[in-house]
Amino acid sequence: MVAASASTRRLATLTTDTIAAIATPPARGGIGIVRISGELVERVCREVLRQDLRPRHAHFLPFYDTDDSILDSGVALLFPQPHSFTGEHVLELHCHGSPMLLDLLLRRITRLGIRLARPGEFSERAFLNGKIDLIQAEAIADLIESSTETAARSAQRSLQGEFSTLIHELRDALIGIRSFLEAAIDFSDEEIDYLTESNTAQRLQALSTRLEEILGSARKGSVLREGLTVVIAGRPNVGKSSLLNRLAQKDLAIVTDIAGTTRDALREYIQIDGMPLHIVDTAGIHDSEDPIEQEGIRRAHTAIASADLTLLILDDSTNDADDDLLAQLPPEIPLIKVYNKIDLSGRSASIDENENCVVVHLSAKTGLGIKLLQEHLKKMAGYESDSAHVFTARRRHVDALERAHTAVTTAILHLQTGSGAELVAEELRLAQTSVGEITGEFTTEDLLGSIFSSFCIGK
Ligand SMILES: Nc1nc2c(ncn2[C@@H]2O[C@H](COP(=O)(O)OP(=O)(O)O)[C@@H](O)[C@H]2O)c(=O)[nH]1
Ligand SMILES: [Mg+2]
């Protein structure tokens, strides 16, 4: 029920100095842009442009140096507060895209008492001044970093507020139930009737279901941005490193017919049709006396324990039994059994999704059946080319939604066991705080610092 956090407002009053940065990439180009935000924009207009600017109109004019010489002629655009990206006065100076010239222009501007912007500081101000929420600020960074069409489109959906709207709906539902409960607490004589006769239980259940749906979408969005972690495991010489190389389409890992070639866990970041994937090749699991191999096998188990998915590779050309290997794998991590070397066994490529776990037959060496595995990985991650409803999300959002879900589940439990309205209300307060962290309604300076410092300068 708190509209804006106290820490947000305090920060806003701290950052009133004027900032400037080169907003275009540090390279030669047709156009380079310097962006300035804050009160001293007016001073730049007076001293560098020497002309009154009409708001939001393009003016072509000279940019003057201190000695009255002309640094360059270019386009100036003024966005007076509050109708600007940051909510403050913003001035954009478009000149020729020479790094030297842009530096000179920036130096001219900083001599007027304006300081250089930190990475992400323009977006941070936009957030602090209520122009965008934290999800949208993060979406800006994701959009700039996006390297595939799906990533760009889903970042754009978050930026336009699709994800924020869902979070606001959750918050409003929580506020609705909390107000009701607090009324129940205030009239505690009638509390029992309030809780049993009202539809609080149903509303909480509906909220929990909705939370699960949004959590599902956010998980997909976070996988899209951060990538699944997939560990390749199996006995020595079954073709684990060959599969890594095949998926990466590069010769990353050493492949030999000598058992125990891979001794350390090898981590690679690859893409399948643009879908990011962290893939870990591991040492073959078997009983070894070699201390280096033993350490490698221990590392393989550590990697598997923190994976999103394990690919258990088996040799289809020998009778590679999997029972003892399966017993060593943690049951909670999803598993795909990959029977490799079908070029030797003569079996055809296939995928069978009907068993307890998915089974794929392929050949890492010839590439036969690889497509089946790739398509399945994409499907698992929710990565489809027509992913029209996917928005980018981060682990931070997923964590917060999980905490909110736990709190709502506990609240339902309290309600069922008749623990009293206070306990239910307290859990819902926790849920609302978690949900509020996502949009930035409740934040800490540390969190803001870590988010915005990963932005590029000038954004
Ligand atoms: N015929 C055939 N040989 C393979 C296949 N995959 C791997 N190999 C061979 O099996 C041996 C072991 O491969 P490697 O990838 O190093 O296995 P790892 O020990 O599990 O990493 C090498 O000689 C590979 O060329 C396959 O699909 N077909
Ligand atoms: Mg290997």
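Just so you know, these numbers come straight off a predicted model, no measurement behind them. (Residues numbered from 1 in each chain as written. Chains lettered and ligands numbered in written order. Predicted model: local features only at pLDDT ≥ 70, side-chain atom pairs only at ≥ 80, totals over all residues. Heavy atoms only, no water.)

## Here we look at the domain arrangement of the chain
Right, on to step 1. Considered domain by domain, the chain is made up of domain 1 (6–132), domain 2 (157–223 + 391–439) and domain 3 (228–380).
Right, on to step 2. Computed over C-alpha atoms only, the centres of domain 1 and domain 3 are separated by 52 Å. (Domains from an automatic or database assignment.)

## A closer look at unusual backbone geometry
Right, on to step 1. Between Gln-81 and the following residue, Pro-82, the backbone shows a cis peptide bond with an omega angle of 0°.
Right, on to step 2. In this structure, Pro-82 sits in the loop between strand S4 (70–79) and strand S5 (90–97).
Right, on to step 3. One non-glycine residue with positive phi stands out, namely Asn-237, at about 70°.
Right, on to step 4. Inspection of the secondary structure assignment puts Asn-237 in the loop between strand S7 (228–234) and helix H10 (240–248).
Right, on to step 5. We classify Asn-237 as partly exposed; its relative accessible area is 32%.
Right, on to step 6. Backbone geometry at Lys-341 places phi at a positive 70°, although glycine is not the residue there. (Helix = DSSP H or I, 4+ residues; strand = E, 2+ residues; numbered from the N terminus. Buried < 20%, exposed > 50% of the residue type's maximum accessible area, 1.4 Å probe, protein only.)

## Observations concerning the sheet that holds strand S2 (residues 29–37)
Right, on to step 1. Taken together, 6 strands build an open sheet; the order of strands is S3-S4-S5-S2-S1-S6 and the sheet is mixed. Looking at strand neighbours, the two that pair on one side only are strand S3 (59–64) and strand S6 (115–116), the edges of this open sheet.
Right, on to step 2. In this structure, S4 lies alongside S5, joined through 5 bridges in antiparallel fashion. The residue of S5 that forms the bridge with Leu-78 is Leu-91.
Right, on to step 3. In the packing of helix H3 (residues 99–110) onto the sheet, the strands contacted are strand S1 (19–22), S2, S3, S4, S5 and S6, and the crossing angle to S5 comes to about 150°. (Pairing = 2+ DSSP bridges. Contact = heavy atoms within 4.5 Å. Axes fitted to C-alpha atoms, helices over the stretch in contact; angles between N-to-C directions.)

## Concerning the sheet that holds strand S9 (residues 275–281)
Right, on to step 1. Taken in spatial order, the 7 strands make up an open sheet running S8-S9-S7-S10-S11-S13-S12, and their pairing is mixed. Strands with a single pairing partner mark the edges of an open sheet, and in this sheet they are strand S8 (266–272) and strand S12 (350–352). Between one strand axis and the next, the sheet turns through 25° on average, direction left out of account.
Right, on to step 2. Of the strand pairs in this sheet, S7 and S9 are connected by 5 bridges, and their pairing is parallel. From the neighbouring strand, Ile-232 faces S9, where its bridge partner is Asp-281.
Right, on to step 3. The sheet strands contacting helix H11 (residues 291–305) are S7, S8, S9 and strand S10 (309–315), and the helix crosses S7 at an angle near 145°.

## Some points on the site of ligand 1
Right, on to step 1. In the neighbourhood of ligand 1, 16 residues make up the surrounding shell, with Asn-237, Lys-240, Ser-241, Ser-242 and Asp-343 lying closest.
Right, on to step 2. Within the backbone of Ala-364, a nitrogen or oxygen atom sits 3.1 Å from an oxygen atom of ligand 1.
Right, on to step 3. For ligand 1, whose free accessible area comes to 580 Å², the fraction covered by protein is 89%.
Right, on to step 4. Listing elements by their share of the shell around ligand 1, those giving two or more residues are H10 and helix H13 (342–345).
Right, on to step 5. Per-element accounting of the shell around ligand 1 gives the leading share, 3 residues, to H10.
Right, on to step 6. Grouping the amino acids of the shell around ligand 1 by side-chain chemistry returns 4 nonpolar, 7 polar and 5 charged. (Near = heavy atom within 4 Å. Polar contact = N/O pair within 3.5 Å; in protein donor to acceptor, adjacent residues only side chain to side chain. Areas by Shrake-Rupley, 256 points an atom, 1.4 Å probe, with all protein chains shown as cover. Nonpolar A, V, L, I, M, F, W, Y, C, P; charged D, E, K, R; others polar.)

## Points about the coordination of the magnesium ion (ligand 2)
Right, on to step 1. All of the protein donors around the magnesium ion (ligand 2) are Ser-241 (OG) and Thr-262 (OG1); their distances to the metal are 2.0 to 2.1 Å. Of this pair, Ser-241 sits in helix H10 while Thr-262 sits in the loop between H10 and S8, and the two are 21 residues apart along the sequence. (Donors = N, O, S within 2.8 Å, 3.2 Å for Na, K, Ca; no water.)

## Remarks on the packing of helix H15 (residues 395–416) against helix H16 (residues 421–439)
Right, on to step 1. Look at H15 against H16: their axes get within 8 Å of each other, and the N-to-C directions meet at 170°. With respect to H16, the element H15 is oriented roughly antiparallel. Between H15 and H16 the crossing geometry is left-handed. Along its contact with H15, which presents Arg-396, His-397, Ala-400, Leu-401, Arg-403, Ala-404, Ala-407, Val-408, Thr-410, Ala-411, His-414 and Leu-415, the element H16 presents Leu-423, Val-424, Glu-427, Leu-428, Leu-430, Ala-431, Ser-434, Val-435, Glu-437 and Ile-438.
Right, on to step 2. Residues belonging to the contact of H15 with H16 are distributed by class as follows: 14 nonpolar, 4 polar and 4 charged. (Parallel < 35°, antiparallel > 145°, perpendicular 65-115°, else oblique. Left-handed = near helix turned anticlockwise from the far one by under 90°.)

## Describing the confidence of the model for the chain
Right, on to step 1. When the pLDDT values of the chain are averaged, the result is 89; 93% of them are 70 or greater.
Right, on to step 2. Ignoring residues within four places in sequence, the model shows residues 1–14, a span with pLDDT below 50, making 21 contacts including any to other chains. (pLDDT = per-residue confidence, 0-100.)

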